[in-house]
Amino acid sequence: MTRRPSTLLVVVAAVAACIAPLVLSDQTFFVHTVLAAVVVSGLSMLMGYAGQASLGQGAFVAVGALTVALGTTRWGLPPLVVLLLAPLVAGMFATVVGRPLLRLQGHYLAFGTLALLLMVQTAMSSIDALGGAYGVSGIPAFGVGGWTVTDQRPYAYLALACLAVVLWSSARIVDSRFGRAMRALSGSETAAESAGVPVGWTKVGVFALSAAFAGLAGAVTAFFTPYVSADSFPPLESFTYVIMAVVGGLGTIWGGVVGAVVVSVLLQALNTVSSQPGLPPTAAPIIQYAAYGTVLIIALLFLPRGIVPSVGSLRLRRPQGSPA
Amino acid sequence: MLTIDRVSKHFGGVYANRDVSMEVPDGELRGVIGPNGAGKSTLFNLVAGHLRPDSGSVSLDGRPLDRMPPHVRARHGVAIVFQGARLFPGMTVLENVMVGAHARTHGGLVAAVVRPPSQRRQERETRELAERCLARVGLEAAAQQPAAALPLGQQRRLQVARALAGQPRVLLLDEPASGLRAGERTDLTDLVRELNADGMTILLVEHDVGMVTSLAHRITVLDLGEVIADGTPAEVTTDPRVITAYLGAGGQHAAQHTGAQHVAHR
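In the nomenclature of an unreviewed UniProt entry, chain B corresponds to ABC transporter ATP-binding protein from the organism Nocardioides pocheonensis.

As recorded by an unreviewed UniProt entry, chain A carries the name Branched-chain amino acid ABC transporter permease and is attributed to Nocardioides pocheonensis. Taken directly from UniProt, the Subcellular location (unreviewed entry) text for chain A runs: "Cell membrane".

Take a look at the structure:
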């Protein structure tokens, strides 16, 4: 079932998200948080519905970013074209690697996806055509037709637009033939298969979808930064996506957004605390790593289903013991 | 015509099925009985494609199913209702049934997002079909409930509705009455009889021998993975090998526990 959050809550959140870039002087945190929500929305579907964990979503963010970096600097493609191309390329890449990768299950799959990320990183840093040791710089600013972005603020709105598209598509997918097949997998693969659901391809489909979302986020990052190298996609960031997905609630449309915002704000707050004068320079990374572990443990102990399903069940007063 | 031709399957050194052959003509209601461990569920899994036989072949109307994975067999009209309740608990009752129509419908990710008119029409038709299937099993009032909230008897009927949504040619029912109360059992018996009267070919595995003998046109009896008898209910229940298989060396005493008294007293 898809629980619909109250319209009021969505409107308030949307209005707040649209006003925020006008108030903020530096958009970096905002853009990164919104793009994390884009990635985590896809990951939440993959983990929640297809039951597959990916520790390497950064690989697809990288593919999306590379599509933009190489498309604009090497092949001279217009920014809008590469922006639309990036999720397609990432999705196709996932379809190709997904078929063998998704034969793995559980921990093996998680490590397989992590290995994929490391391979993508290695390829980027060692193959000159993919940036090599210096990465790809000189990515032009985003623009459409004669209009070109000159400051940070439009990127905040571009990121929001991407998130809106992702959420809208997700809602449509969940309530569709493909979406029902995908959700059936988490209930019983055997029963789904008997009903005519091609289990293998459906998993690859969800994997490709999550990769396409990640690729879209990577594309915007590439324009925003505007520099892409192997070091732009550290494994820790991919782990953070998993934590965000779990904290927000797997297999819910809004879980990705809530998880991304809550974890990003928390990490930012800790960052501010640890950079206070008087604290040693090592404080920041130590506090951050500790926070990852603490957040995850607290979430699993007290909100094992994640924030969104837990809040939803409080409101709907569902019968005890019924699965999410 | 469903043809099972000398199918064998062993796990380790134990044969779960050994040279099992069976021909089920269209429209027949075939009972499959046998003591625990006779290989009834294994046989169903071999037909539905969840297990691959070591040797032998299963075909529907002369078309071999052996190389087809379960979801392709579903497209060819094979549906199975599993022992226990294998539902999709996170979905509504209606959505569960709509998944059952997957084998007969089309459309992937792109169709889901773009929703062209053909897709919208198909969604509407799937919904209507699912509603009819729910009405058929008497669950229409529960359509919007979460599937996990249903009591066991209704979950079993939901599984039947899900199988019906695929509009199967052959329906495999694996112990549909186990764990049901007497009233639910009668309802289920009536439902199975109605479905068969409408022309659906049904294979029924059931511990309740009384239920099978009252429903089935023919009965195949398995023991230790092999077919030991095959015939009308009257023939099978008087077959000395069947009585021995059910009664075993323990005689009448064991019959009390296996439900074999139905067999022995006919």
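Caption draft 1: Quick look at the packing of helix α5 (residues 117-136) of chain B against helix α6 (residues 152-165) of chain B. All names here are of chain B. As a packed pair, α5 and α6 sit with axes 9 Å apart at the nearest point and diverge in direction by 140°. The orientation of α5 relative to α6 falls into the category oblique. Our pair here, α5 against α6, has a crossing hand that is right-handed. Each of Leu129, Cys133, Leu134 and Arg136 in α5 lies in contact with α6, whose residues at this interface are Leu158, Ala161, Leu164 and Ala165. Considering only residue class, the contact of α5 with α6 consists of seven nonpolar, no polar and one charged.

Caption draft 2: Spatial organisation of the interface of chain B and chain A. Between chain B and chain A, the residue contacts involve 38 residues of the former and 29 residues of the latter. Between chain B and chain A, a total of about 2,900 Å² is buried, with carbon and sulfur atoms accounting for 61% of that surface. When the area that chain B buries against chain A is broken down by residue, the three leading residues are His102, Leu109 and Val113 of chain B, summing to 21%. The salt bridge involving arginine 180 of chain A is made with glutamate 123 of chain B; its shortest N-O contact spans 2.9 Å. For the side of chain B that touches chain A, the elements supplying multiple residues, two or more each, are α2 (70-75), β6 (78-81), α3 (93-100), α4 (109-114) and α5 of chain B. By residue number, the principal contributor to the side of chain B that touches chain A is α5 of chain B, which donates six residues. Grouping the amino acids of the side of chain B that touches chain A by side-chain chemistry returns 18 nonpolar, 13 polar and seven charged.

Caption draft 3: Layout of helix α2 (residues 28-48) of chain A. In a regular helix each residue adds 1.5 Å, so 21 residues correspond to 30 Å; α2 of chain A covers 29 Å between its end C-alpha atoms and thus fits that length. Counted residue by residue, α2 of chain A has 17 buried out of 21 residues, so it is predominantly covered.

Caption draft 4: Spotlight on the pattern of salt bridges. All names here are of chain B. Throughout the structure, instances matching the rule amount to 15 salt bridges over all chains. Here aspartate 230 ties to arginine 30 by a salt bridge, and the two come within 3.7 Å at their closest N and O atoms. Of this pair, aspartate 230 sits in strand β10 (residues 226-231) while arginine 30 sits in strand β3 (residues 29-33), and the two are 200 residues apart along the sequence. A relative accessible area of 33% places aspartate 230 in the partly exposed class. For aspartate 61, the salt bridge goes to arginine 169, with nearest N and O atoms at 2.4 Å. Pair noted here: aspartate 61 is in the loop between β4 (55-60) and β5 (63-64) and arginine 169 is in the loop between α6 and β7 (170-174), with a separation of 108 residues, a long-range link.

Caption draft 5: The arrangement of the packing of aromatic side chains in detail. Residues and elements named next belong to chain A. In total, this model carries four aromatic pairs over all chains according to the counting rule given. Ring geometry for phenylalanine 60 and phenylalanine 207: centres 5.4 Å apart, planes at 90°, overall edge-to-face. Of this pair, phenylalanine 60 sits in helix α3 (residues 58-73) while phenylalanine 207 sits in helix α9 (residues 199-224), placing them 147 residues apart in sequence. Neither phenylalanine 60 nor phenylalanine 207 differs from the other in exposure class; each is buried. Ring geometry for phenylalanine 142 versus phenylalanine 223: centroids 5.1 Å apart, planes at 70°, classification edge-to-face. Placement of the pair is phenylalanine 142 in the loop between α5 (106-126) and β1 (143-144) and phenylalanine 223 in helix α9, with a sequence separation of 81 residues. On the basis of relative accessible area, phenylalanine 142 is assigned to the buried category, the value being 6%. Judged by its relative accessible area of 2%, phenylalanine 223 falls in the buried class. Taken together, Phe60, Phe93 and Phe207 form an aromatic cluster joined through their ring pairs. Seen from the ring of tryptophan 201, arginine 99 lies directly overhead, with NZ or CZ sitting 4.4 Å from the centre.

What counts and how
Residues numbered from 1 in each chain as written. Chains lettered and ligands numbered in written order. Predicted model: local features only at pLDDT ≥ 70, side-chain atom pairs only at ≥ 80, totals over all residues. Heavy atoms only, no water. UniProt positions renumbered as here; feature names shortened; annotations may be inferred. Axes fitted to C-alpha atoms, helices over the stretch in contact; angles between N-to-C directions. Helix = DSSP H or I, 4+ residues; strand = E, 2+ residues; numbered from the N terminus. Parallel < 35°, antiparallel > 145°, perpendicular 65-115°, else oblique. Left-handed = near helix turned anticlockwise from the far one by under 90°. Contact = heavy atoms within 4.5 Å. Nonpolar A, V, L, I, M, F, W, Y, C, P; charged D, E, K, R; others polar. Buried area = accessible area lost by both parts, 1.4 Å probe. Salt bridge = Lys/Arg side-chain N within 4 Å of Asp/Glu carboxyl O. Expected span 1.5 Å × (residues − 1). Buried < 20%, exposed > 50% of the residue type's maximum accessible area, 1.4 Å probe, protein only. Phe/Tyr/Trp six-rings, centres within 6.5 Å; stacked < 30°, edge-to-face > 60°. Lys NZ or Arg CZ within 6 Å of the ring centre and 35° of its normal.

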